[in-house]
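Take a look at the letters that make up each chain.
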Amino acid sequence: DAGVIQSPRHEVTEMGQEVTLRCKPISGHDYLFWYRQTMMRGLELLIYFNNNVPIDDSGMPEDRFSAKMPNASFSTLKIQPSEPRDSAVYFCASSLKGSKQYFGPGTRLTVT
Amino acid sequence: GNSVTQMEGPVTLSEEAFLTINCTYTATGYPSLFWYVQYPGEGLQLLLKATKADDKGSNKGFEATYRKETTSFHLEKGSVQVSDSAVYFCALSESDSYGKLTFGQGTILTVHP
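Residues numbered from 1 in each chain as written. Chains lettered and ligands numbered in written order. Predicted model: local features only at pLDDT ≥ 70, side-chain atom pairs only at ≥ 80, totals over all residues. Heavy atoms only, no water.

(A) Molecular detail of the overall build of chain B. Within chain B one finds zero helices and 12 strands. Helices and strands appear in chain B in the N-to-C order β-β-β-β-β-β-β-β-β-β-β-β. Computed over the C-alpha atoms, the radius of gyration of chain B is 13 Å, within 12% of the 13 Å expected from 2.2 N^0.38 for a compact globule of 113 residues. Expressed along its principal axes, the backbone C-alpha trace of chain B runs to roughly 45 × 30 × 20 Å. A burial count over chain B gives 45% of its 113 residues as buried. Within chain B, residue pairs in contact and separated by at least 24 positions form 55% of the contacts whose partners lie at least 6 positions apart. Looking at charge distribution, chain B has the averaged site of its 8 positive side-chain charges lying 6 Å from that of its 12 negative ones. (Helix = DSSP H or I, 4+ residues; strand = E, 2+ residues; numbered from the N terminus. Rg over C-alpha atoms; globule rule 2.2 N^0.38 Å. Buried < 20%, exposed > 50% of the residue type's maximum accessible area, 1.4 Å probe, protein only. Contact = heavy atoms within 4.5 Å. Lys, Arg positive; Asp, Glu negative; His and termini not counted. Charge placed at Lys NZ, Arg CZ, Asp CG, Glu CD.)

(B) A look at the pairing of strand β8 (residues 74-79) of chain A. Residue and element names in this part refer to chain A. Where strand β3 (residues 19-24) meets β8, five bridges bridge the pair, whose relative direction is antiparallel. Paired with Cys23 across the bridge in β8 is Ser75. Connecting strand β7 (residues 65-71) to the next strand, β8, in antiparallel fashion are two residues. (Pairing = 2+ DSSP bridges.)

(C) Just the nonpolar core, in detail. Counting residues in each nonpolar core, the largest one holds 26 residues, and the members touching the most others are Leu19, Trp35, Leu47, Leu48, Phe73, Leu75 and Tyr88 of chain B. Those elements that provide at least two residues to this core are β2 (11-14), β3 (19-21), β4 (23-26), β5 (32-38), β6 (44-50), β8 (62-65), β10 (86-93) and β12 (107-112) of chain B. Ranked by residue count, the leading element in this core is β10 of chain B, at four residues. In contact with Leu75 of chain B, not counting residues within four places along its chain, are Leu19, Thr20, Ile21, Trp35, Leu47, Leu48, Phe62, Glu63, Ala64 and Tyr88 of chain B. Within the second largest apolar cluster, 21 residues are counted, among which are Cys23, Ile26, Phe49 and Leu109 of chain A. (Core = buried A, V, L, I, M, F, W, Y, C linked by side-chain atoms within 4.5 Å.)

(D) Structural context of the sheet that holds β3 of chain A. All names here are of chain A. Spatially, β1-β3-β8-β7 is the arrangement adopted by the four strands of the open sheet, whose pairing is antiparallel. At either margin of the open sheet sits one strand with a lone partner, and together these are β1 (5-7) and β7. Taking the axes of each pair of neighbouring strands and ignoring which way they run, one obtains an average angle of 15 degrees across the sheet. Both β1 and β3 contribute to a ladder of three bridges, which runs antiparallel. If you follow Ser7 over to β3, its bridge partner there is Arg22. (Axes fitted to C-alpha atoms, helices over the stretch in contact; angles between N-to-C directions.)

(E) Just the side chain of Asn50 of chain A, in detail. All names here are of chain A. In this fold, Asn50 is placed in strand β5 (residues 42-50). Of the residues examined, Asn50 reaches a relative accessible area of 18% and is grouped as buried. Reaching out from Asn50, the side chain makes a polar contact with the backbone oxygen of Asp30 at a distance of 3.2 Å. If near-sequence neighbours (up to four positions away) are discounted, Asn50 is found in contact with Asp30, Tyr31 and Ile55. (Polar contact = N/O pair within 3.5 Å; in protein donor to acceptor, adjacent residues only side chain to side chain.)

(F) Structural detail: the interface of chain B and chain A. Chain B puts 15 residues into the contact, and the matching count from chain A is 21 residues. For the pair chain B and chain A, the two sides together bury roughly 1400 Å², of which 53% comes from carbon and sulfur. Between chain B and chain A we count one salt bridge in total. With its nearest N and O atoms 2.5 Å apart, the salt bridge here joins Asp56 of chain A to Lys100 of chain B. (Buried area = accessible area lost by both parts, 1.4 Å probe. Salt bridge = Lys/Arg side-chain N within 4 Å of Asp/Glu carboxyl O.)

(G) Molecular detail of the side chain of Glu94 of chain B. All names here are of chain B. The residue Glu94 is located in the loop between β10 and β11 (101-103) in this model. Comment: no salt bridge for buried Glu94; closest opposite-charge side chain is Lys100, at 9.9 Å. Of the polar contacts made by the side chain of Glu94, one reaches the side chain of Asn2; its length is 3.3 Å. At 3.3 Å, the side chain of Glu94 and the side chain of Thr28 are in polar contact. Contact partners of Glu94, with chain neighbours within four places excluded, come to Asn2, Ala27, Thr28, Gly29, Tyr30, Pro31 and Lys100.

(H) Main features of the state of the cysteines. All names here are of chain A. Enumeration according to the criterion identifies two disulfides over all chains in this entry. A sulfur-sulfur separation of 1.9 Å characterises the disulfide bridge that pairs Cys23 with Cys92. Classification of the bridge connecting Cys23 and Cys92 rests on its S-S torsion, roughly -65 degrees, and on that basis the disulfide is left-handed. Of this pair, Cys23 sits in strand β3 while Cys92 sits in strand β9 (residues 88-95), and the two are 69 residues apart along the sequence. (Disulfide = S-S within 2.5 Å.)

Here it is as structure tokens:
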């Protein structure tokens, strides 16, 4: 079992650039979650999907953030344009029928 | 809305010391409660959970009891090891939220030999 896979593991970009984070959930899982972790705000849920459909995106900070799940094995979180305050670790997690969540290793994003 | 409050950290202990990390919650219904652990450079892992009042979750020597009367879910371990050094997160999920988790701020634990 490969677990939840995220890429890239580290991303450094300049302010104003577009950033795309990727996630491959565990095969067979029907829920996918995107979280952001910062020192100031802790761990926040941004959005989650069930069967590829966004269910709750109330945690998405603003219109610069968007997330998609085109199929059961792939999701993206896009930031356009990026800002320094978006610097954080972004986690993807997946679960089966809303039970135990399995987290990926995270993507550390730095926006300069 | 739901919220989780953890004791301020960081916590520094010597090996074999007793550990308590306090966690209290606010929720409108009857949530499930969790402790997650994050080792350096890794994602979060579920450590233990309890789904109803008076349940005790346990794993790897850690325990936590769901106390509805005090809305608490304190994490304890009788004898910590250096390998327990990590960040610990308390979290809750409403029973009908399909796993949507609300996390506390996290508590950094460092255990010295």
